[in-house]
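A look at the structure
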Amino acid sequence: MNLLLHRRADSALSELDELRRILDRLRSSDPQTRFAVGAGVCLANIDFLRRFSGIEAFRRIPAEDQKRFCQDLNDLELGLRSQEPGMAIGVGLYRIWLTDALAERYIVADLLGEELAELSRRAASA
């Protein structure tokens, strides 16, 4: 049993380390890339808030509807990849944040959420 818990903890640390590396790369990217990623986050968040008004309302809807929205985000991300790759990354990161928030993986969700909020604010104010 301890081995299983240890593996799960290692997996969570590995996921957190990978997220930190991604965010570090994003922070060091050029302003146009950061803007595009922020615009993708903003796009996903506007759609999310329009449909659900917030994370607590989203938690209360049936799991099938939650999955459908995540699939909609996935479809949006795939559609943006060829035309606006930075925006696609933003939508994908938003989907990851939402999934982690729903799974109550707050360390990852909080870290990612703070970064995405800042990117979105900058894109919306430009």
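For every chain, the first residue of its written sequence is number 1, and the numbers climb from 1 along that sequence. Confidence filtering applies because this is a predicted model: local features only for residues at pLDDT of at least 70, side-chain atom pairs given and counted only at 80 or more, and all residues used for totals across whole chains, interfaces and linings. Think of the side-chain values as coming from all heavy atoms in the structure, minus any hydrogens and water.

1. A few points about the overall build of the chain
Along the chain, the regular secondary structure elements total six helices and zero strands. The secondary structure elements of the chain, listed N-terminal to C-terminal, are α-α-α-α-α-α. Only protein chains enter the calculation, and the probe is 1.4 Å; a residue is then buried if its accessible area is under 20% of its type maximum, exposed if over 50%, and partly exposed in between. Across the 126 residues in the chain, those meeting the buried criterion constitute 35%. The criterion used for residue contact is that any of the two residues' heavy atoms lie within 4.5 Å. A separation of at least 24 residues holds for 62% of the contacts in the chain among residues at least 6 apart in sequence. Only DSSP runs of H or I with at least four residues qualify as helices, and only runs of E with at least two residues qualify as strands; both kinds are numbered from the N terminus onward.

2. So, the environment of Ser120
Of note, Ser120 is situated in helix α6 (residues 106–125). Along the sequence, Ser120 and Ala36 sit 84 residues apart, while their C-alpha atoms lie 9.5 Å from each other. In this view, Ser120 contacts Gly38, Val41 and Cys42; residues no more than four positions away in its chain are not counted.

3. Observations regarding the pattern of salt bridges
One side-chain nitrogen of Lys or Arg within 4 Å of one carboxyl oxygen of Asp or Glu is enough to make a salt bridge. The full count for this structure, using the stated rule, is 14 salt bridges. When the shortest N-O distance is used, the salt bridge between Arg51 and Asp47 registers 3.3 Å. Of this pair, Arg51 and Asp47 both sit in helix α2 (residues 31–52), four residues apart, which is roughly one turn of the helix. Put simply, Glu118 and Arg122 hold a salt bridge, and the shortest N to O gap is 2.8 Å. Here Glu118 and its partner Arg122 are both found in helix α6, four residues apart, which amounts to about one turn of the helix.

4. Details of the environment of Phe69
As for its placement among the helices and strands, Phe69 is situated in helix α4 (residues 63–81). We classify Phe69 as buried; its relative accessible area is 1%. Setting aside residues up to four positions removed in sequence, Phe69 forms contacts with Ala44, Asp47, Phe48, Arg51, Phe52, Phe58 and Leu98.

5. A few points about α2
When the terminal C-alpha atoms of α2 are compared, their 31 Å separation across 22 residues agrees well with the 32 Å that a helix rising 1.5 Å per residue should span. For α2, the set of buried residues is Ala36, Val37, Gly38, Ala39, Gly40, Val41, Cys42, Ala44, Asp47, Phe48 and Phe52. With a side-chain oxygen positioned 3.1 Å from the backbone nitrogen of Gln32, the residue opening α2 is Asp30. Here the expected span of a helix is defined as 1.5 Å times the quantity of residues minus one. Side-chain atoms alone can form a polar contact between residues adjacent in sequence; in general such a contact is a pair of N or O atoms within 3.5 Å, and within protein one must be able to donate a hydrogen while the other accepts it.

6. A closer look at the packing of aromatic side chains
Note on aromatic pairs: the rings of Phe, Tyr and Trp (six-membered ring only in Trp) are paired at centre separations within 6.5 Å, and the planes decide the class, stacked below 30 degrees, edge-to-face beyond 60, tilted for the rest. In total, this model carries eight aromatic pairs according to the counting rule given. Summarising the aromatic geometry, the rings of Phe52 and Phe69 are spaced 5.1 Å apart at their centres and angled 85° between planes, so their arrangement reads as edge-to-face. Taken as a pair, Phe52 in helix α2 and Phe69 in helix α4 lie far apart in primary sequence, 17 residues in all. Judged on exposure class, the residue Phe52 and its partner Phe69 are both buried.

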